Amino acid sequence: MQRLKGQSALVTGSSSGIGKAMALAMAREGANVVINFHSNESSAQQIVEEITSEGGNAIAIGADVSKEADVKRMFGRMFEAFGTIDILVNNAGLQKDASFVDMTLDDWEKVIGINLTGQFLCAREAAKEFIRRGVVEGRSVAAGKIICISSVHEVIPWAGHVNYAASKGGVMLLMKSIAQELAPYKIRVNSIAPGAIKTPINRSAWADPESEKKLLELIPYGRVGVPEDIANAAVWLASDDSDYVHGETLVIDGGMTLYPGFVGNG
Ligand code: NAD
């Protein structure tokens, strides 16, 4: 069963980690996929080859999601290749950690620029095309789907990472506000908030057994997540199986947001 057959998906920042897993999973469900990369073109090309060797359809497009001209160029290239867009996954993101008093304006602006402004720029371009084109019968009952990759830090404050937590808190209300505004056009907008997932962004938190043990204290379910945990949910959120799910954050965190510190009376 190919739940995204005939649809076209753009996954930002998909040359590694969660984005890569989501792009592969969507291609396996029949979607044409754009692998957006920032600097790692060879990794993006390898993912394209992996998808095409499995009989799928993918192209790699370089773009910095925090730059308006790059984003417009990326959408233009996608439309040349696939004609339109049905699914946007706003995944690109990064951390630039510092204690609050040592955080530079550059650290702040870089993270907000990619994690929040990048999601705004891509969602706006996708929404324009969804509205222009409308619902295509037989392809999906929605005119388009936007999935924002947020974080448990849209709700959990994070000392030493205030730029990151502020960007993800911003993504939550960006998502909900555009969900409210775009619903009449049959455009569905949701977020996924991952907990700790093993990817390059947080390697130091799980790379050695001691660090992983410490991290597991925060995860009631007793394992660190893997990118496929997020990819499986992203496919569902992009498909018509979730058609009545709108303006929601799906938290996928092995229970990290259950306040595990309160176990045993706190
Ligand atoms: P990752 O570092 O593997 O992926 C981030 C991707 O974003 C990279 O491919 C990177 O090249 C890309 N990127 C960075 N700046 C960019 C830019 N300016 N333009 C385009 N692409 C850019 O890490 P990941 O864990 O796969 O992160 C993916 C998303 O998941 C991020 O938004 C991150 O905040 C979120 N997230 C991750 C975790 C986790 O535990 N791994 C938890 C919560 C949320």
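Residues numbered from 1 in each chain as written. Predicted model: local features only at pLDDT ≥ 70, side-chain atom pairs only at ≥ 80, totals over all residues. Heavy atoms only, no water.

**A word on the pattern of salt bridges**
Scanning all chains against the criterion turns up 17 salt bridges. A salt bridge links Lys 72 to Glu 125; its shortest N-O distance comes to 3.6 Å. Residue Lys 72 is located in helix H3 (residues 68-82), and its partner Glu 125 is located in helix H4 (residues 105-133); the two are separated by 53 residues in the primary sequence. Owing to a relative accessible area of 37%, Lys 72 belongs among the partly exposed residues under this scheme. Under the relative-accessibility criterion, Glu 125 is labelled buried at 12%. Across the pair Lys 198 and Glu 212 runs a salt bridge, and its minimum N-O distance is 3.4 Å. One end of the pair, Lys 198, is in the loop between strand S6 (187-194) and helix H6 (203-206); the other, Glu 212, is in helix H7 (residues 209-216), and 14 residues separate them in sequence. Each of Glu 68, Lys 72, Arg 124, Glu 125 and Lys 128 takes part in salt bridges that share partners, so that together they form one network. (Salt bridge = Lys/Arg side-chain N within 4 Å of Asp/Glu carboxyl O. Helix = DSSP H or I, 4+ residues; strand = E, 2+ residues; numbered from the N terminus. Buried < 20%, exposed > 50% of the residue type's maximum accessible area, 1.4 Å probe, protein only.)

**Overview of the side chain of Ser 8**
By secondary structure assignment, the location of Ser 8 is in strand S1 (residues 8-11). The exposure class assigned to Ser 8 is buried, which follows from its relative accessible area of 2%. Ignoring any residue separated from it by four or fewer positions in sequence, one finds Ser 8 in contact with Asn 32, Met 78, Phe 82, Thr 84, Ile 85, Asp 86 and Ile 87. (Contact = heavy atoms within 4.5 Å.)

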